[in-house]
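Commentary on secondary and tertiary structure
Next come the chains, spelled out residue by residue.
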Amino acid sequence: MSKVYVFDHPLIQHKLTYIRSKETGTKEFRELVDEVAALMAYEITRDLPLQEVEVETPLAKCKSYLLAGKKIGLVPILRAGLGMVDGILKLIPAAKVGHIGLYRDPDTLEPVEYYVKLPSDIEERDFIVIDPMLATGGSAVAAIHSLKKRGASNIKLMCLIAAPEGIERMQKEHPDVDIYVASVDEKLNEKGYIIPGLGDAGDRLFGTK
Ligand code: PRP
Ligand code: URA
């Protein structure tokens, strides 16, 4: 069974409050999502392996550390996942970025895949799949199936807000993928929106309706 990590860092929680607020306009919403994504990237990379190296400072040689292990690939789920990419790249600038395009059919709530473009060295990377919202879980589950089908194996899922229903579905279908969120909310409404959530993440990020 995969683990669920809730990032309770005060800065993340403070910014999430403004992200949720209906008073927050597109420009500020985008900036806040970017900032929270960077803070979450800091937390999600805590367990990256290090290797000891020797470095020569202007004064002496010493032992120090560099990242070891596989390189990282980010995979935002289009479109709303795009809003978190730049924030993460501030901390992991060498990450390659793949894209998986999915939208939820408004009637069935099931995801429809319309675009996939991933790094060519997929087997040599660890992946972080990014989407602000884990609602029914359909989109994340489908995106991760799509990644695994193409050879990815070590995958983490990073979202701002998750519903219990989405977590349950993810854990059932991808028990090997840990989930990292800023909040687990109460429930889904009859239209598949997270309550209280933040509304429609894509529309709020891009100013559409
Ligand atoms: C939203 C969100 C997730 C999905 C979550 O995207 O960004 O991808 O819904 O819902 P689920 O867990 O029930 O699948 P949406 O389909 O609205 O597309 P968009 O990002 O293009 O706005
Ligand atoms: N997608 C969103 O953007 N918001 C939700 O609450 C659920 C799915």
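Residues numbered from 1 in each chain as written. Chains lettered and ligands numbered in written order. Predicted model: local features only at pLDDT ≥ 70, side-chain atom pairs only at ≥ 80, totals over all residues. Heavy atoms only, no water.

In the nomenclature of an unreviewed UniProt entry, the chain is known as Uracil phosphoribosyltransferase of Caldalkalibacillus thermarum. As its UniProt record puts it under Catalytic activity (unreviewed entry), the chain is described as follows: "UMP + diphosphate = 5-phospho-alpha-D-ribose 1-diphosphate + uracil". Taken directly from UniProt, the Function (unreviewed entry) text for the chain runs: "Catalyzes the conversion of uracil and 5-phospho-alpha-D-ribose 1-diphosphate (PRPP) to UMP and diphosphate." (UniProt positions renumbered as here; feature names shortened; annotations may be inferred.)

Bringing the site of ligand 2 into the picture now. Around ligand 2 sit Arg 104, Met 133, Ala 135, Gly 192, Tyr 193, Ile 194, Gly 199, Asp 200 and Ala 201, and that is every residue in its neighbourhood. Within the backbone of Gly 199, one N or O atom sits 2.8 Å away from a nitrogen atom of ligand 2. Protein burial of ligand 2: of its 240 Å² of free accessible surface, 88% is covered by the chains. Of the pockets mapped on this structure, ligand 2 occupies the largest pocket. For the shell around ligand 2, the per-class residue count stands at 5 nonpolar, 2 polar and 2 charged. (Near = heavy atom within 4 Å. Polar contact = N/O pair within 3.5 Å; in protein donor to acceptor, adjacent residues only side chain to side chain. Areas by Shrake-Rupley, 256 points an atom, 1.4 Å probe, with all protein chains shown as cover. 1 Å grid on protein atoms, 1.4 Å probe; cavity = no way out; pocket = protein on both sides within 12 Å on 5 of 7 lines; lining within 4 Å. Sits in = over half its atoms within 2 Å of the grid points. Nonpolar A, V, L, I, M, F, W, Y, C, P; charged D, E, K, R; others polar.)

This brings us to the UniProt feature "binding site: uracil" (unreviewed entry) in the chain. Under the feature "binding site: uracil" (unreviewed entry), the UniProt entry names Ile 194, Gly 199, Asp 200 and Ala 201. When the annotated set is filtered for residues lining the largest pocket, what remains is Ile 194, Gly 199, Asp 200 and Ala 201. Following the sequence through the fold, Ile 194 ends up in strand S13 (residues 194-195). Within the secondary structure layout, Asp 200 lies in the loop between S13 and helix H6 (201-206). In contact with Asp 200, not counting residues within four places along its chain, are Arg 79 and Tyr 193. A polar side-chain atom of Asp 200 sits 3.1 Å from the main-chain amide nitrogen of Gly 202. (Helix = DSSP H or I, 4+ residues; strand = E, 2+ residues; numbered from the N terminus. Contact = heavy atoms within 4.5 Å.)

Structurally, His 174 can be placed in the loop between helix H5 (164-173) and strand S11 (178-184). According to the relative accessible area criterion, His 174 is buried, its value standing at 0%. Side-chain polar atoms of His 174 contact the backbone oxygen of Val 141, separated by 3.0 Å. (Buried < 20%, exposed > 50% of the residue type's maximum accessible area, 1.4 Å probe, protein only.)

With that settled, consider the site of ligand 1. Close to ligand 1 lie 14 residues, the nearest being Arg 104, Asp 131, Thr 136, Gly 137 and Ser 139. Between ligand 1 and Asp 131, the relevant distance is 2.4 Å, taken from an oxygen atom to a side-chain nitrogen or oxygen of the residue. Against a free-state accessible area of 500 Å², the protein chains account for coverage of 90% of ligand 1. Of the pockets mapped on this structure, ligand 1 occupies the largest pocket. Counting residues per element, the ones that place at least two in the shell around ligand 1 are strand S6 (99-104), strand S9 (133-134) and helix H4 (138-149). Split by residue class, the shell around ligand 1 holds 6 nonpolar, 5 polar and 3 charged.

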